[in-house]
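# Observations on chain architecture
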Amino acid sequence: MRIAFMGTPDFSVPCLRALVEAGHAVVGVFCQPDKPVGRKQELKMPPVKEEALRHNLPVFQPKSLRNGEGVRLLQEISPDLVIVVAYGKILPPDVLAFPKYGCVNIHASLLPKYRGASPIHWAVINGDSETGVTSMQMDEGMDTGDILLTERCPIGINDTTEDLFDRLSAIGAKLLLKTIEQIEAGTAVRIPQDHTKATTVSLLTKELGTIDWTQSALTIHNKIRGLYSWPGAHTLLNGKLLKLHHSLLSDKSGNGTPGAVIPANGKLLVCCGDNRCIELTELQPEGKKRMTAAAFLNGAHLSAGTVLGENEVKS
RNA sequence: CGCGGAGUAGAGCAAUCCGGUAGCUCGUCGGGCUCAUAACCCGGAGGUUGUAGGUUCAAAUCCUAUCUCCGCAA
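Nothing here was measured: the structure is a model prediction, and the numbers come from that model. (Residues numbered from 1 in each chain as written. Chains lettered and ligands numbered in written order. Predicted model: local features only at pLDDT ≥ 70, side-chain atom pairs only at ≥ 80, totals over all residues. Heavy atoms only, no water.)

### A few points about the overall build of chain A
- When helices and strands are tallied, chain A shows eight helices and 17 strands.
- The principal-axis extents of the C-alpha atoms in chain A amount to approximately 65 × 45 × 35 Å.
- Taken over 315 residues, chain A has a buried fraction of 47%.
- Carbon and sulfur atoms provide 51% of the accessible area of chain A, an area that totals close to 15300 Å². (Helix = DSSP H or I, 4+ residues; strand = E, 2+ residues; numbered from the N terminus. Buried < 20%, exposed > 50% of the residue type's maximum accessible area, 1.4 Å probe, protein only. Areas by Shrake-Rupley, 256 points an atom, 1.4 Å probe, with all protein chains shown as cover.)

This is the structure in structure tokens:
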């Protein structure tokens, strides 16, 4: 079976690699165009492209698949099946209809929950104890196609989105091979989604990462790990940005002003809105490298009354 | 030439404006105290201040160049 692969970020790479290593005929790889990135605005190729080049696979980076462009490219490689994993583009109907076996998508949630752009982040932010991966037969809607296979995956209380990314992409690769096996064998079963239970999540914004210290310690902890490592959670310290990379729930109660810091024994505790504390374990002041809480406390010389999240500069 | 912060002991910072013995917190090593400890006390080691030039009696500090790291923006 001739397979075309569409994907862009790190998450997609294990799926592509699995296809190649399983001996499938990957006849073409689609990903987003190279984009300028970083301070120098240097062009960087997407991870999927790097992986494709490593295997000497033909790469296509069309700006759009619409207006017949997608079909034109598919005609060059005539795939029987298209695999889509976090490609980042909507596939137009003529592309969806082109391959004999249609287009199959790997989505990092248990559909119909968390349709859309950032399912892993939201599962963690919402404090879910479980998520998973779904393979589905794509239709014209946004993650609305019939479900083929699912695999569940527990979320630990300190798991970050990045942790889940790694685990789910590995699960996705496994699920993908299994799905293709069933399609080839003709044993694939399509289960329509229960659309009444569908939820859709949007793209993340940086503003989302601003911590509101009047929220509960658990809510804040979920936000910090859910937004790690991108776009990240942050607050203000003496008017300057302070990124929060990792945190732990503390069993200590903290009935001070929400955002008030309690430095103790090399640990950095912060009072939250529910009179509980969160322990910040790794952070990064504006313009500095990331550091452990102990290192931060060594040089920061925090006074007892310091409150995070306030925009005023204290002397 | 997008805007900005920063390179000082193993870590995080101070001293830089106004040149004059490089200091603090922690770690580390040794000793002491204690039923005991991540606690406390005493002591030690560890620096050609990112690099290269320049000014000066004297440069971490002033001037010039250069490398690296990071925040914002994209």
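### Focus: the nonpolar core
- The biggest cluster of nonpolar side chains holds 42 residues, and the ones touching the most others in it are Phe5, Leu16, Leu19, Val29, Ile83 and Leu168.
- A total of eight residues in this core trace back to one element, the largest contributor, which is helix α6 (residues 161-185).
- Setting aside residues up to four positions removed in sequence, phenylalanine 5 forms contacts with Ser12, Cys15, Leu16, Leu19, Val26, Gly28, Val29, Phe30, Val48, Ile83 and Val85.
- One finds Ile220, Val270, Leu297 and Leu308 within the second-largest nonpolar core, a separate group that totals 20 residues. (Core = buried A, V, L, I, M, F, W, Y, C linked by side-chain atoms within 4.5 Å. Contact = heavy atoms within 4.5 Å.)

### A closer look at the packing of aromatic side chains
- Here the structure, examined in full by the defined rule, presents two aromatic pairs.
- For the pair phenylalanine 11 and phenylalanine 165, a centre-to-centre distance of 5.6 Å together with 85 degrees between the ring planes defines the contact as edge-to-face. Separated by 154 residues along the polypeptide, phenylalanine 11 in the loop between β1 (2-7) and α1 (13-21) and phenylalanine 165 in helix α6 bring together distant segments of the chain.
- Note on phenylalanine 11: relative accessible area 6%, which makes it buried. (Phe/Tyr/Trp six-rings, centres within 6.5 Å; stacked < 30°, edge-to-face > 60°.)

### What about the protein's contact with RNA strand B?
- Contacts to RNA strand B come from 16 residues, most closely from Arg39, Lys288, Lys289, Ala295 and Asn298.
- In RNA strand B, atoms within 4 Å of the protein come 55% from sugar and phosphate.
- Within the contact set of RNA strand B, a base nitrogen lies 3.1 Å away from a backbone nitrogen or oxygen of glycine 287.
- The backbone of glycine 299 places a nitrogen or oxygen atom 3.2 Å from a sugar or linking oxygen of RNA strand B.
- The set of elements that each furnish at least two residues to the surface near RNA strand B consists of β13 (240-253) and α8 (293-300).
- For the surface near RNA strand B, the residue count by class is three nonpolar, seven polar and six charged. (Near = heavy atom within 4 Å. Polar contact = N/O pair within 3.5 Å; in protein donor to acceptor, adjacent residues only side chain to side chain. Nonpolar A, V, L, I, M, F, W, Y, C, P; charged D, E, K, R; others polar.)

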